[in-house]
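Each chain is listed here by its residues.
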Amino acid sequence: MAVLQPPHHWRKISKEETLDYPQLAHPAECDFAIIGGGLSGLSAAIELARMGGSVSLLEQDSIGQAASGRNNGQVIPHHSLKSPREIEALLGKERGTRYNTMVATAPSNLFDLIDRYEIACDSVRNGWIQACHSTTTLKRGRIFHDEWKTFGAPVEWLDRDALSARMGSAAYPGGWKAHRAGHLNPYALCRGMARAAALEGASIYEHSPVTRILRDGDRWTLESPRGALRAKFALVVTNALTGNFWPHLKRSLIPVRLYQVATERLSSDQRLSVLPGNEGVSDTRRDIFACRYDSDGRLEAVGAHTFWHDAALRGKEAVLAKFHAAFPQLRGLAAAEYWEGTLAVVPDRIPRLMELAPGLLFAGVYSGRGVAMSTVWGAAAARLLAGAADERDMPVPVTPMRTVLGYDFAVHVARFVHPWHRFLDRIEAKASNRN
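Every value quoted in this text rests on a predicted model; they were computed, and no experiment measured them. Starting from 1, residues in each chain are numbered consecutively following that chain's sequence as written. Residues qualify for local features only when their pLDDT is at least 70, as the model is predicted, and side-chain atom pairs are given and counted only at 80 or more; totals for whole chains, interfaces and linings, by contrast, use all residues. For side-chain calculations, the full set of non-hydrogen atoms in the structure is used, while hydrogens and water are omitted.

Draft legend 1. Representation of the pattern of salt bridges in the model. One side-chain nitrogen of Lys or Arg within 4 Å of one carboxyl oxygen of Asp or Glu is enough to make a salt bridge. For the structure on display, the rule yields 29 salt bridges. Between Arg50 and Glu200 there is a salt bridge whose closest N-O contact spans 3.4 Å. Highlighted residues: Arg50 in helix H2 (residues 39–50) and Glu200 in the loop between helix H7 (186–199) and strand E8 (203–205), separated in sequence by 150 residues. Judged by its relative accessible area of 48%, Arg50 falls in the partly exposed class. Overall, the relative accessible area of 26% leaves Glu200 in the partly exposed class. A salt bridge links Asp296 to Arg298, with the shortest nitrogen-to-oxygen separation between them at 4.0 Å. The buried label applies to any residue whose accessible area, calculated with a 1.4 Å probe on protein chains only, is under 20% of its type's maximum; exposed applies above 50%, and partly exposed to all values in between. Using a relative accessible area of 27% as the deciding quantity, one classes Asp296 as partly exposed. Each helix is a run of DSSP H or I of at least 4 residues and each strand a run of E of at least 2, with the numbering of both proceeding from the N terminus.

Okay, structure coming up:
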């Protein structure tokens, strides 16, 4: 059964036309089958269709209703945890440089795609700020800034006064800004990319979950409740919502459930005093706090619960508490919208390219950096699958399926680690204040 989700905030304010796509309800054939209609899958569909292949994409829900359309919509040219030199140490100089280049240029590539297809996703290209919440993370932020600057990326260091002026908050000792960044409506982006893929000739099927993948001679058969799709090649880009259609695949990533809150609309005076430059912001807390404006003049923020009882009420209260701590001038601001989503992480925070079988490739897992990275990653995987690129051209090696070591324990930790993260954040902040 397809998992039907109620409309969320990004869908409610989307300006991109919501076109309907059929359910797969008959036998069909194509050159390339794509499982998953998020940003990775849609990017791959565009790339493959532009190369002239026949492409069919299967999405279990409607486009934009799952993880890709529910995130914070920040377009970030930076790694999840590591610095550029640490990436080179992990992947080697050649692949590390290629990976760093992909991360640094991913936002520009995405904005070019948005312009090419005139996607109405409220894209704002004013940069992204990482605010450091302690002296320890300030040193780490300086490393990020300095290494990206050496790499040639357009970045700017912000001391306490400069950051306070950019954010309208005196709560942070400093941070840095990536200029080649921004934010957008992720649901509208998904819908616009689906329109683009269809325009290029791809067939898109909604409410068509894949229940099983079988080898059928020289082709793959993808079974869905009301039809089956046969393809020469198949690309799996289901990420956090990977099901049981391929043995043990879901054990290759850790799903992390998050929530988001949108405030009521800010007044003109409040907009002038909080993020007046309309950048996106993520701070360095382990207990995630990322925020930006939407097109309605509301502030959006991300959070995580340990226990999910009374989730909407508690989530709104938690986000407002963070806003009030960072921006005292917003006292009295109310929360208006609440919704949830799921992202996928892996311990090393490096996206995966895994050959599940000849002609069957998995691509994805962005550990919180998916808006920009997923679009270039999906296109790269498409070129690899089509033979238009070699494994040596990829930013990471193609591997067999890599399950997470101690998967059951890792999932348990991911669900209940938040109190420990909050404790560490408080200790770090107190130590910073004493200094």
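There is more to say, and it comes next.
Draft legend 2. Main features of the sheet that holds strand E4 (residues 128–132). At least two bridges found by DSSP between two strands are what make those strands a pair. Reading across from one edge, E5-E6-E4-E13-E14-E15-E12-E16 is the order of the 8 strands in this open sheet, with mixed pairing throughout. Only two strands of the sheet have a single partner each, and these edge strands are strand E5 (155–159) and strand E16 (335–345). Neighbour-to-neighbour, the strand axes of this sheet turn through a mean angle of 20 degrees, independent of strand direction. Where E4 meets strand E6 (residues 174–178), 5 bridges bridge the pair, whose relative direction is antiparallel. Note on E6: the bridge partner recorded for Cys132 is Gly174. Here a residue-residue contact requires only that any non-hydrogen atoms of the pair lie within 4.5 Å. In this analysis, axes come from line fits to C-alpha atoms, helices being fitted only over the stretch in contact, and the angle between any two N-to-C directions falls in the range 0 to 180 degrees. This element, helix H5 (residues 135–151), spans E4, E5 and E6 of the sheet and lies at about 155 degrees to E5. Contacts between helix H9 (residues 311–326) and the sheet are confined to strand E12 (254–263), strand E14 (290–293), strand E15 (299–303) and E16, with E16 contributing the most and set at about 95 degrees to the helix.

Draft legend 3. Representation of the pairing of strand E18 (residues 360–364) in the model. Among the 5 residues of E18, 5 are classified as buried, and the element is accordingly described as predominantly covered. Along E18, one buried face is formed by Leu360, Phe362 and Gly364 and the opposite face, lined by Leu361 and Ala363, is buried too. Two elements, strand E17 (residues 352–357) and E18, share 5 bridges in a ladder whose sense is antiparallel. When the sheet's bridge partners are listed, Arg352 is paired in E18 with Gly364.

Draft legend 4. Highlighting unusual backbone geometry. Positive phi is not limited to glycine here, since Leu275 has a value of about 45 degrees. For Leu275, the position within the fold is in the loop between helix H8 (268–273) and strand E13 (280–283). What makes Leu275 buried here is its relative accessible area of 1%. The backbone phi angle of Arg349 is positive, close to 65 degrees, even though this residue is not glycine. You can see Arg349 is positioned in the loop between E16 and E17. For Arg349, a relative accessible area of 27% gives the class partly exposed.

Draft legend 5. Looking closely at the packing of aromatic side chains. Pairing of aromatic side chains requires ring centres within 6.5 Å, counting the rings of Phe and Tyr and the six-membered ring of Trp. Pairs whose planes differ by under 30 degrees are stacked, by over 60 edge-to-face, and all others tilted. On inspection of all chains with the given rule, the structure shows 12 aromatic pairs. Ring centres 6.5 Å apart and planes at 55 degrees place the aromatic pair Phe144 and Trp176 in the tilted group. Separated by 32 residues along the polypeptide, Phe144 in helix H5 and Trp176 in strand E6 bring together distant segments of the chain. No difference in accessibility class separates Phe144 from Trp176, as the two residues are buried.

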